[in-house]
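# Architecture and fold: a report
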Amino acid sequence: SSEVSRLFDPRGLVGPVIVTTKILLQDLWKLQIDWDEQVPVEIRSKWGMIKENLCHLNELKVPRHIICVKPTQIELHGFCDASMKAYGAAVYVRSIDEWGNVESKLAASKSRVAPIKIVTLPRLELCASVLLVELMKVVKESLKIEFNALYFHTDSTIVLSWLKLDPANLQIFVSNRVSFIQSNTNVANWRHVRSEKNPADLISRGMLGKELVNNKFWFEGPKFLKQRIIDEPSLNLVRDIPELKKSAKVLLVQER
């Protein structure tokens, strides 16, 4: 615990590494081991591997400038994801200069370990979406830039289906969080992203330091952010939506 607390990463630039230590500490807490007891071999082995790889973070070089020179358009793109162990969000600044060159850079990330009480994956995906909304607000206010657009990306079709509903039709846990997202974002700016193109996936499952150092996918985001024009992916909404109140009858219309 003392060694983990020494890892200082306020912007979450090495979030996928930090989350592995959070998950490990939670696993240790679940075992309810006293301070003078031996840690299980499996936990010691995992920590040894994480610690051994931390030295590679010294090789990390992150550019201070995250916006291109003479930008004509600046956007914020946020991504969120969850696993049964952790969930998180990552925010990227996408800028385009007068010649049409596009840059995409990581601005910040945030992670949380999944609660010890068993929660369904769709609920965790929804928690990740809430975390993304909060992180996007922090980044937007911190950078003090007038952004041309804000986009929110998730690979959860269930969350996207929930966001199109009246919260009154949903169970309380989901209803409260959907209401928060609807009140603080434009739902039209939420987009579906395939899991393999979602950099927040690296937070939800974690990475070792050696794997992260030269990982362009993490520090620059998915390749489609570098395209001059981003095509909005097609999406098939969920037909059997979970967490509906028993009295609610909902019809989702597919947008084209």
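Our subject is the structure listed above.
The rules we used
Residues numbered from 1 in each chain as written. Predicted model: local features only at pLDDT ≥ 70, side-chain atom pairs only at ≥ 80, totals over all residues. Heavy atoms only, no water. Helix = DSSP H or I, 4+ residues; strand = E, 2+ residues; numbered from the N terminus. Contact = heavy atoms within 4.5 Å. Expected span 1.5 Å × (residues − 1). Buried < 20%, exposed > 50% of the residue type's maximum accessible area, 1.4 Å probe, protein only. Axes fitted to C-alpha atoms, helices over the stretch in contact; angles between N-to-C directions. Parallel < 35°, antiparallel > 145°, perpendicular 65-115°, else oblique. Left-handed = near helix turned anticlockwise from the far one by under 90°. Nonpolar A, V, L, I, M, F, W, Y, C, P; charged D, E, K, R; others polar. Salt bridge = Lys/Arg side-chain N within 4 Å of Asp/Glu carboxyl O. Pairing = 2+ DSSP bridges. Patch = residues over 30% accessible without salt bridge, like charges linked within 9 Å, V, L, I, M, F, W, Y side chains within 5 Å. Areas by Shrake-Rupley, 256 points an atom, 1.4 Å probe, with all protein chains shown as cover.

This part takes up the side chain of T20. Mapped onto the elements, T20 comes out in helix 1 (residues 15-30). Beyond its immediate chain neighbours, meaning those up to four positions away, T20 contacts I50, G206 and M207.

It helps to recall that an α-helix has 3.6 residues per turn; residues three or four apart then point in one direction. With 16 residues, helix 1 should reach 22 Å at 1.5 Å per residue; the first-to-last C-alpha distance of 22 Å fits that figure. By the burial criterion, the buried members of helix 1 are G15, P16, V17, I18, V19, T20, T21, I23, L24, Q26 and D27. Just downstream of helix 1, Q32 is the residue with a positive phi angle, here 55°.

To continue, consider the packing of helix 3 (residues 121-143) against helix 5 (residues 172-184). It is at 10 Å that the axes of helix 3 and helix 5 come closest, and there the two elements cross at 30°. Considered as vectors, helix 3 and helix 5 are oriented roughly parallel to each other. Helix 5 is crossed by helix 3, and the crossing has left-handed handedness. For the pair formed by helix 3 and helix 5, the contact residues are R123, L126, C127, S129, V130, V133 and E134 on the first element and F173, V174, R177, V178, F180, I181 and N184 on the second. By residue class, the composition of the contact of helix 3 with helix 5 is nine nonpolar, two polar and three charged.

All chains considered together, the criterion is met by seven salt bridges. For K46, the salt bridge is made with E42, and the minimal N-O distance between the two is 3.7 Å. Taken together, the residues K46 and E42, both in helix 2 (residues 41-54) and four residues apart, mark about one turn of the helix. Taking relative accessible area as the criterion, K46 reaches 37% and is therefore assigned partly exposed. E42 gets classed as exposed once you look at its relative accessible area, which sits at 55%. Across the pair R205 and D201 runs a salt bridge, and its minimum N-O distance is 2.8 Å.

Spatially, 3-2-1-4-5 is the arrangement adopted by the five strands of the open sheet, whose pairing is mixed. If you trace the sheet from one side to the other, it starts and ends with strand 3 (102-113) and strand 5 (190-192), each paired once. The sheet shows a mean angle of 25° between the axes of neighbouring strands, taken without regard to direction. As paired strands, strand 1 (residues 71-82) and strand 2 (residues 86-97) are joined by 11 bridges and run antiparallel to one another. Residue I74 lies in a different strand from strand 2, and its bridge partner there is S95. Against the sheet, helix 1 contacts strand 2 and strand 3, and its axis sits at roughly 5° relative to strand 3. Along the sheet, helix 3 makes contact with strand 1, strand 2, strand 3, strand 4 (149-154) and strand 5, crossing strand 2 at roughly 40°.

A cluster of nonpolar side chains, namely M84, I118 and L121, defines an oily patch on the protein surface of about 320 Å² accessible area. You can see I118 is positioned in the loop between strand 3 and helix 3. When its relative accessible area of 73% is taken as the criterion, I118 is described as exposed.

Looking at chain direction, strand 2 and strand 3 are connected through 11 bridges and run antiparallel. Bridge pairing in strand 3 links V91 to A108. From the end of strand 2 to the start of strand 3, which pair antiparallel, there are four residues, and G100 there has a positive phi angle of about 90°.

Let us look at the environment of G88. Within the fold, G88 resides in strand 2. We classify G88 as buried; its relative accessible area is 0%. Along the chain, G88 and L124 lie 36 residues apart, while their C-alpha atoms are 9.6 Å from each other. Apart from residues lying up to four places away in sequence, G88 is in contact with F79, C80, D81, K110, S111, A128, L131, A200 and I203.

All quantities given are derived from atomic positions and should not be read as evidence of function.
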